[in-house]
Structures are given as structure tokens and as C-alpha cells.
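What follows is each chain in one-letter form.
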Amino acid sequence: MEMEKEVLKYEEGFNRAAGAISRFPLIELKGVPLRNYIVQNWSSISAFEPDPTDLLIATYPKAGTTWAQEIVDLLLHNGDSEACKRGPTVDRFPFLEIQYPPPIPSGLDLLKKMKPPRFIKTHLPIQLVPEGFWKHKCKVIYVARNAKDNLVSYYHFHRMNKAQPDPGTWDEYIQNFMRGKLAWGSWYDHVKGYWKEREKKNILYLFYEDMKENPRQAVEQIMRYLDLSVSEEVIEKIVQLTSFNSMKDNPMANYTFIPKIMFDHSVSAFMRKGEVGDWTNHFTPAQSQVFDEDYVRQMADVDMPFRTSL
Ligand code: A3P
């Protein structure tokens, strides 16, 4: 008889497998660079069958995933902050496609252990999302962030996350972003892919900049999309609990639960700045011009309301 596989909590898994963490190489899958472990396990990831009640939160990396996750969890728990500290983000919201060396649990390992409705995170571009999510008409929340701030945030994340490829120089990094060579592929294709399908597939499409400008409105939009109704007081409480500073101080949301061997917050904190417009502190005028010209070409087929300042 097949023995049931022991599924560890992430933290425990990381501690046991610390020596196996390295800057994992990327392999292209259908033109999208992904971590080697993801590509090697692709058949089971793409065959994942969600339940119709499961919720998917999809983003390009560093667009505000963790923020949206915390809002969702608090809404579903009527603003009960203690209930939302039942575990770190990675255990509360399994990361669909993530795969590591054993015994670190994969996203699929954690999902198998949970009963629906589950809150699932993905960075997959829309064309790689397992078909079951569309077949079962699962709800999907997508968060998009303007390209330049997204790039800056991802750059610092590459520096601190020792499982991501080496970022190279800042200039090389910009080139790789523009060419879609970073993990999870082209930012341009990612944001456009979900945008074009948002109505047909009933995707709630949010912008990081709107959330920053009016966090209360974001909480209300998510609440309505999830067919929930919480009191004005609870909405206000959720806005406070999901402010950048509150989440930075929340050990169950700030990713300090990932051991230093992988996430080195002394290089750059996961909760780094949480601002709109930090790109102006990074791009030179020349880099900005090249980026903007290329942006116009890559985004010519859509009219998307991105904002790079508030
Ligand atoms: P910065 O690096 O610009 O600070 P993700 O969760 O998708 O990995 O995105 C992480 C980015 O979102 C980081 O951006 C992080 O600081 C920011 N972030 C996380 N929680 C936030 C919040 N409550 N308000 C604003 N920004 C937040």
C-alpha cells in the first residue's frame, strides 16, 4: 500500500532542506521562463483540479500579492486578526506552481491537505493557468502594478531571495525585464493576458496604485466580488490591518518566517517600501527613456490605465 507522504509546514521543510537552496536555474516552458523544479513537475501542476469554491489570486511577482491575500483572508474572517495569524501567508495561501527540493512541500502538497474553499496564489501567466479554474468558473483576483515600480521591487527581491537567479547589474536587469527573461516571463504579456480576458472570465482586475490611493475602496471591491458583506467598522479595521506598516510588523505576513538561507531581509526586506513612484530613485533619465519607448511598442495593442505616480 502506498504510504501517505508527510507534508511539512514550509518553515520546517526549509529548515530541513536548507543546504539544497540555491539560485535555481530557469527553463522555458511554452516560451515562459520558470524555475527548473516547476517545469520538471509541470504535468501535475497543469492537471490540478480546483473546486468551484476555490479562489485564485494571480499576479506578476511583486505586484501586491501578499497585500491582496491579507485583505481576502481578513474579509473571510470578518476582520479577525488573530484568525489570520493562524499561519504564515505561504501556509494560508498555497502557491499553486511552487516546487522545491524535498522535503520542502510543494504548493500541490499543501493543497491536497486542505479542504475547499482554498485560497490559492499563482504567478502563472493566464495561458498557463490550469484549465480547471476556468472550467469550474473559479473566482480570480488579479493585481497589476505599473511596470517600473514592479521591476524595481522584483530587482530587490532577486537580491534577497536566494532561490531566484542572480539579478546581475541594474542595467542588465532592466534589459532582462524588457525582454521577458525573468522568472514567470514577460510582465507585458502577463498584465495584458489577464486584462483581455477579465470580462469573459469574470476576473476582478485591480491596480496596486488604486489600492494605495484608496485602500478602503479596494477592500470594498474585493468584498463585493466575494459576495461578502462586513460592517463599516470591520472594513475600517481591515484597512488598518493591511496598511504597509501593519503588515511589515505582522510576522505572519511579512515573510520573516522564511529562513535567512533563502530570504535574506538584511539585503532587502520583503516589505521593502510599499510605495508608488520609487522607480524615480532607480532609473536614470536615459534608462527611463529607453524603457518608455520600448513600453509604448510592447503595450500598443491595449489601452490600460497604469499610473507611475499618484
Ligand atoms: P516594494 O518592494 O516596492 O516595497 P508581492 O506580495 O506580490 O511579492 O509584492 C511585494 C511588494 O508589495 C513589495 O513592494 C511590498 O512592500 C509591497 N506590499 C506588501 N504589502 C503591502 C501593503 N500592505 N501596502 C503596500 N505595499 C505592500
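- As recorded in an unreviewed UniProt entry, the chain goes by the name Sulfotransferase, listed as coming from Astyanax mexicanus.
- Under the Subcellular location (unreviewed entry) heading, UniProt states for the chain: "Cytoplasm".
- The annotation that UniProt attaches to the chain under Sequence similarities (unreviewed entry) is "Belongs to the sulfotransferase 1 family."

## Side note on the packing of helix 8 (residues 147-160) against helix 9 (residues 170-178)
At step 1: In contact at an axis separation of 11 Å, helix 8 and helix 9 are set at 125° when each is read in the N-to-C sense. What the angle tells us is that helix 8 and helix 9 run oblique. Like other packed secondary-structure pairs, helix 8 and helix 9 cross with a definite hand, here right-handed. Touching A147, L151, V152, Y154, Y155 and H158 of helix 8 are W170, Y173, I174 and F177, all from helix 9.
At step 2: Split into classes, the residues belonging to the contact of helix 8 with helix 9 amount to 9 nonpolar, 1 polar and no charged.

## Side note on the environment of P251
At step 1: By secondary structure assignment, the location of P251 is in the loop between helix 14 (244-248) and helix 15 (285-298).
At step 2: For P251, a relative accessible area of 42% corresponds to the partly exposed category.
At step 3: Between the C-alpha atom of P251 and that of V90, which follows or precedes it by 161 residues, the distance is 12 Å.
At step 4: Setting aside its immediate chain neighbours within four residues, P251 contacts T256 and F257.

## Remarks on the pattern of salt bridges
At step 1: A full pass over the atoms with the stated rule returns 23 salt bridges.
At step 2: D292 is the partner of K148 in a salt bridge, and the nearest nitrogen-oxygen pair spans 2.9 Å. Of the two residues, K148 is situated in helix 8 and D292 in helix 15; the sequence distance between them amounts to 144 residues.
At step 3: Classification of D292 as partly exposed rests on a relative accessible area of 36%.

## Topic: the site of the ligand
At step 1: Around the ligand there are 18 residues in total, and T65, T66, S153, Y208 and K273 lie nearest to it.
At step 2: Between W67 and the ligand, the recorded distance is 3.5 Å, taken from a side-chain N or O atom to a nitrogen atom.
At step 3: Calculation on the ligand without its partners gives an accessible area of 570 Å², and the protein chains cover 97% of this total.
At step 4: Going through the elements one at a time, helix 4 (65-76) and helix 14 are the ones with two or more residues in the shell around the ligand.
At step 5: Broken down by element, the residue count for the shell around the ligand peaks at 3 residues, all from helix 4.
At step 6: Grouping the constituent residues of the shell around the ligand by class yields 7 nonpolar, 7 polar and 4 charged.

## Some remarks on unusual backbone geometry
At step 1: A cis amide bond, omega 5°, links P102 with the succeeding residue P103.
At step 2: Within the element layout of this structure, P103 appears in the loop between helix 5 (89-92) and helix 6 (107-113).
At step 3: Put simply, P116 and P117 share a cis peptide bond, and its omega is 0°.
At step 4: Here P117 lies in the loop between helix 6 and strand 4 (119-122).
At step 5: Of note, N78 is a non-glycine position whose phi angle comes to about 50°, a positive value.
At step 6: Tracing the backbone through its elements, the reader meets N78 in the loop between helix 4 and helix 5.
At step 7: In this structure N78 comes out as partly exposed when scored by relative accessible area, which is 48%.
At step 8: A positive phi is found at K137, a non-glycine position, where the angle reads about 50°.

## Things to note about the packing of helix 12 (residues 215-225) against helix 13 (residues 232-241)
At step 1: The contact between helix 12 and helix 13 brings their axes to 9 Å, and the two run at 120°. The angle between helix 12 and helix 13 places the two elements in the oblique class. Seen along the crossing, helix 12 lies across helix 13 with a hand that is right-handed. For the pair helix 12 and helix 13, the contacting residues are P215, R216, V219, E220 and M223 in the first and E232, I235, E236, I238 and V239 in the second.

Rules behind the numbers
- Residues numbered from 1 in each chain as written.
- Predicted model: local features only at pLDDT ≥ 70, side-chain atom pairs only at ≥ 80, totals over all residues.
- Heavy atoms only, no water.
- UniProt positions renumbered as here; feature names shortened; annotations may be inferred.
- Axes fitted to C-alpha atoms, helices over the stretch in contact; angles between N-to-C directions.
- Helix = DSSP H or I, 4+ residues; strand = E, 2+ residues; numbered from the N terminus.
- Parallel < 35°, antiparallel > 145°, perpendicular 65-115°, else oblique.
- Left-handed = near helix turned anticlockwise from the far one by under 90°.
- Contact = heavy atoms within 4.5 Å.
- Nonpolar A, V, L, I, M, F, W, Y, C, P; charged D, E, K, R; others polar.
- Buried < 20%, exposed > 50% of the residue type's maximum accessible area, 1.4 Å probe, protein only.
- Salt bridge = Lys/Arg side-chain N within 4 Å of Asp/Glu carboxyl O.
- Near = heavy atom within 4 Å.
- Polar contact = N/O pair within 3.5 Å; in protein donor to acceptor, adjacent residues only side chain to side chain.
- Areas by Shrake-Rupley, 256 points an atom, 1.4 Å probe, with all protein chains shown as cover.

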